[in-house]
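Residues per chain, in single letters:
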Amino acid sequence: MTSGKASLAAAVLLALLAVTAAAAAAPLGDAAPGVAIYERCQACHSLERNRTGPKHCGLLGRPAGGVAGFSYSAALRDSGIVWSKESLERFLEAPLTAVPGTRMGYAGVKDPQERADLIAFLAAAAPCKD
Amino acid sequence: MTDTTVLLPRRSFFAAAGRTTLSAGAVMLLAGCGTRQAAMAADPSADANILNSALGAEQEAIAAYQVGAESGLLSQPVLDLAVQFQGHHKEHADVLAKIVRDLGGQAVEPLASYDFPTDQLKSEADVLRFAAGLEKGAVSAYLGAVPLFAERELAKAAASILGDEAMHWAVLRCALGENPVPVAFVS
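A. A look at the pattern of salt bridges. Taken as a whole, this structure holds 7 salt bridges over all chains when the rule is applied. Residue B:Glu60 is joined to A:Arg51 by a salt bridge in which the shortest nitrogen-to-oxygen separation is 2.5 Å. One end of the pair, B:Glu60, is in helix H3 (residues 44–70); the other, A:Arg51, is in the loop between helix H2 (31–38) and helix H3 (74–77), on a second chain. Note on accessibility: B:Glu60 and A:Arg51 belong to one class, buried.

B. Focus on the environment of A:Ser71. Residues and elements named next belong to chain A. Within the secondary structure layout, Ser-71 lies in the loop between H2 and H3. Residue Ser-71 is classed as exposed on the basis of its relative accessible area, which comes to 55%. Taking the C-alpha atoms as reference, Ser-71 lies 18 Å from Trp-83; in sequence the two are 12 residues apart.

C. Structural context of the packing of helix H4 (residues 78–102) of chain B against helix H5 (residues 124–145) of chain B. Residues and elements named next belong to chain B. H5 packs onto H4 with a crossing angle of 25 degrees between their chain directions and a minimal axis gap of 12 Å. With respect to H5, the axis of H4 lies roughly parallel. Seen along the crossing, H4 lies across H5 with a hand that is left-handed. Within the contact between the two elements, H4 uses Val-78, Phe-85, His-89 and Leu-96 and H5 uses Glu-124, Leu-128, Glu-135 and Tyr-142. Classifying every residue of the contact of H4 with H5 gives 5 nonpolar, 1 polar and 2 charged.

What counts, and where the lines are drawn
- Residues numbered from 1 in each chain as written.
- Chains lettered and ligands numbered in written order.
- Predicted model: local features only at pLDDT ≥ 70, side-chain atom pairs only at ≥ 80, totals over all residues.
- Heavy atoms only, no water.
- Salt bridge = Lys/Arg side-chain N within 4 Å of Asp/Glu carboxyl O.
- Helix = DSSP H or I, 4+ residues; strand = E, 2+ residues; numbered from the N terminus.
- Buried < 20%, exposed > 50% of the residue type's maximum accessible area, 1.4 Å probe, protein only.
- Axes fitted to C-alpha atoms, helices over the stretch in contact; angles between N-to-C directions.
- Parallel < 35°, antiparallel > 145°, perpendicular 65-115°, else oblique.
- Left-handed = near helix turned anticlockwise from the far one by under 90°.
- Contact = heavy atoms within 4.5 Å.
- Nonpolar A, V, L, I, M, F, W, Y, C, P; charged D, E, K, R; others polar.

In structure tokens form, the structure reads like this:
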């Protein structure tokens, strides 16, 4: 193998590793399988209605604790979080670690692909009707 | 799905089952989670917090079964079944509220009104599917609560309720003519 070919092979290998690493850090989410993941939340949440937990329509871009008429914990309301893919990624992995004192008594979605699909589903949901 | 009754045992079965399960579950839970153990919990207020979110979901389930029972859409033996399941949720809620208070917390109250999608409930199957969705969600909610408790007896109590919700979910799926146990692991 010439040194040119060797460095090309090394570069290809590095590029592949970089792609794999990026994928491991944040897998691409798909809203379609996210529907089934969201069913895990349906004891407490729905897109359109406040229940034990707040409604999820219009979530992305909204400050945490921002649904009018829902009674939040001070911990979540004062967290300073604005919901984005990144902040949801952190919160949904381990809600009580991300926001100690939150009233959402749920361990979280530990699988990165399931979490990404769930967030893609939340991001794709229609805006609130009111 | 028009005739759900063919898939279910006779009515008398549910009546008898209701009587025997009533005290057994409550006694078992309270024995494990009485005041003495509760006082020893590592982080009572965090545990009470988790129990309160489960309590909120139970209170909603009680109200949802009430809507189902009063809808006029449920025939026998499905109606008896709904009333029996509602009774279980009442038992869960009573036990959860008691433990929250034993831990020094304040048990959440049921909402003044629940905004159920009643416009979508037009047949027995609609009501069953609505209830099945709530029960499936309850299984997931308890599964998400079990690893969080500082006090392991509370994790056990939550797992005990999880098992009951999973049975409800399976029977409702059966009544809908669906595979009652579609997966080896709940999530």
